[in-house]
Amino acid sequence: MSKRIVVLGAGISGVGAAVLAKKKGVDVFVSDIGKITDDNKKVLLNNEINWEEGKHTLEKVLNADEVIKSPGISDKLDLIQQLIAKDIPVISEVEFAFRYTKAKISAITGSNGKSTTALLLGHILKHAGYDVLVAGNVGVGFALSIAERDYDYIVLELSSFQLDGIQNFRSDVAILLNITPDHLDRYDYRLENYTASKFRISENQSELDFLIYNVDDAIVNTIKTKAKKLPISLKTPQKEGGFYNNNEITINLNNNTMIMQELALQGKHNVFNSMAAAMAARVFEIKDTVIRQSMIDFQNVEHRLEYVLTVHGIDFINDSKATNVNACWYALESMTKDIIWIAGGVDKGNDYAELADIVAEKVKAIICLGENNHNIIDAFKKKVDTIVQASNMKEAVTHSYTLANKEDVVLLSPACASFDLFANFEDRGLQFKKAVYNL
């Protein structure tokens, strides 16, 4: 008898999981406490999947053999606690989709740089002629893609929320970029809880697998794994692994050395992301010439240090994806001109202290956009002479244009979530670009 699966949440991952379950002959029901989009309803109807919206009907959820939960739903929710109490397994879409693929998998996590690294590795593999899916938090839905067909290689960007819901998922090559405080509201404001979730990326790996990790990160460096460890560093040479010195990336694997100098992506953080992707590509036996060329012609992810336009000598950069302090630090670090910084939004308990020195050095004015402006003002009022507030994106861009001089850069890098004024960080970035184009 087929299992009965209930999917909680009808976003991309939930609908994808439901479609995959249906195609595998499983009895599946979708429940969303909010409103399901018309597009997702159409997918559910076309696949003859039963669903409900605006509620979770207990008798329809608690009789499941297994529940697939949206990453956005907290484990602390009463419904999830009831499922756990009844010993009903609650898993993520990633865990479910993993059951139906035979692909070689590279899974990437970290507080920052996941999307860029995943897209870059996918770009290299495609350039090499491999059959590749890039999915997870970037690209397309993992389960929905697997419902259509399998792939030879899969690159997954995974958040801590997605990793919380795995049981048997494992990757041939795991990449752990960095760990800095983020989403701590989901982890009882304890960094060690968040860290434990990130470390799950390697918990099911075997001695035949590889872990590429940031040896410079004191927290990451404590990870224990059965996999073969390949350290990467911006500070110290590695006998086997990757390191950066004198504007050169060196990749060592199996006594075979590759050196690269020219990269499409700027900034030390992107050197690190490039090193991680190149290291993974070498594990997958991609030729050095293909890796080098891919590094040169790669185009970065939208909303991550995305060049928008130059208006009267002023560059406008969209970094709306920077939703935490550490991501924002990387953005500020990579700028080579004086900065007009647009920041703010929903503050997740941010500590702005790590930005103090770089803001004092590089930022000439701050435009606060969002509901937690007092935190930013308090943190930087002694570091920056000009701080103004804006109630919407158009106003923020207008202020920035007025305050900037020729050869300055206007950087949208909020260091905060977007849900006060925008639907999501993509909406925030698109509104920024629209306002810039309308100058």
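Heads up: the structure comes first, above all this text.
Residues numbered from 1 in each chain as written. Predicted model: local features only at pLDDT ≥ 70, side-chain atom pairs only at ≥ 80, totals over all residues. Heavy atoms only, no water.

1. Quick look at the overall build of the protein chain
So, point 1. Helices and strands together make up the secondary structure of the protein chain, namely 16 helices and 20 strands.
So, point 2. Computed over the C-alpha atoms, the radius of gyration of the protein chain is 22 Å, within 12% of the 22 Å expected from 2.2 N^0.38 for a compact globule of 439 residues.
So, point 3. When its C-alpha atoms are laid out on the principal axes, the protein chain stretches across 70 × 55 × 35 Å.
So, point 4. Counting across all 439 residues of the protein chain, residues that qualify as buried make up 57%.
So, point 5. At a minimum sequence separation of 6, the contacts of the protein chain that also span at least 24 residues come to 64%.
So, point 6. Of the roughly 19000 Å² of accessible surface on the protein chain, 48% is carried by carbon and sulfur atoms.
So, point 7. Of the side chains in the protein chain, 48 bear a positive and 57 a negative charge, and the two mean positions are spaced by 2 Å. (Helix = DSSP H or I, 4+ residues; strand = E, 2+ residues; numbered from the N terminus. Rg over C-alpha atoms; globule rule 2.2 N^0.38 Å. Buried < 20%, exposed > 50% of the residue type's maximum accessible area, 1.4 Å probe, protein only. Contact = heavy atoms within 4.5 Å. Areas by Shrake-Rupley, 256 points an atom, 1.4 Å probe, with all protein chains shown as cover. Lys, Arg positive; Asp, Glu negative; His and termini not counted. Charge placed at Lys NZ, Arg CZ, Asp CG, Glu CD.)

2. A look at the environment of F29
So, point 1. Turning to its location among the elements, F29 is positioned in strand β2 (residues 27-32).
So, point 2. Residue contacts for F29: discarding those within four places in its chain leaves R4, I5, V6, V7, N50, W51, E52 and K60.

3. Brief notes about the packing of aromatic side chains
The geometry of an aromatic ring pair is captured by two quantities: the separation of the ring centres and the angle between the planes.
So, point 1. For the coordinates displayed, the defined rule picks out eight aromatic pairs.
So, point 2. Arranged with centres 5.6 Å apart and planes meeting at 75°, the rings of W329 and Y330 form a pair that is edge-to-face.
So, point 3. We classify Y330 as buried; its relative accessible area is 18%.
So, point 4. Ring geometry for Y352 against F380: centres 5.8 Å apart, planes inclined by 70°, an arrangement best described as edge-to-face. One end of the pair, Y352, is in the loop between β17 (339-343) and α13 (356-362); the other, F380, is in helix α14 (residues 373-380), and 28 residues separate them in sequence. (Phe/Tyr/Trp six-rings, centres within 6.5 Å; stacked < 30°, edge-to-face > 60°.)

4. Observations concerning the packing of helix α1 (residues 12-23) against helix α2 (residues 38-46)
So, point 1. Relative orientation of the contacting elements α1 and α2 amounts to 5°, with a least axis distance of 10 Å. One way to sum up the angle between α1 and α2 is to call them roughly parallel. Mapping the contact onto sequence places I12, V15, A18 and V19 in α1 and N40, V43 and L44 in α2.
So, point 2. Broken down by class, the residue content of the contact of α1 with α2 amounts to six nonpolar, one polar and no charged. (Axes fitted to C-alpha atoms, helices over the stretch in contact; angles between N-to-C directions. Parallel < 35°, antiparallel > 145°, perpendicular 65-115°, else oblique. Nonpolar A, V, L, I, M, F, W, Y, C, P; charged D, E, K, R; others polar.)

5. Considerations on empty space enclosed by the protein
So, point 1. The tally for this structure, following the rule as stated, stands at one cavity of 30 Å³ or more.
So, point 2. Estimated volume of the largest cavity: approximately 40 Å³.
So, point 3. In terms of lining, the largest cavity is formed by I342, A343, G344, G345, L369, L412, P414, D420, F422 and R428.
So, point 4. Across the lining of the largest cavity, the residue classes break down as six nonpolar, two polar and two charged. (1 Å grid on protein atoms, 1.4 Å probe; cavity = no way out; pocket = protein on both sides within 12 Å on 5 of 7 lines; lining within 4 Å. Points joined across faces, edges and corners; volume = space filled by probe spheres on them.)

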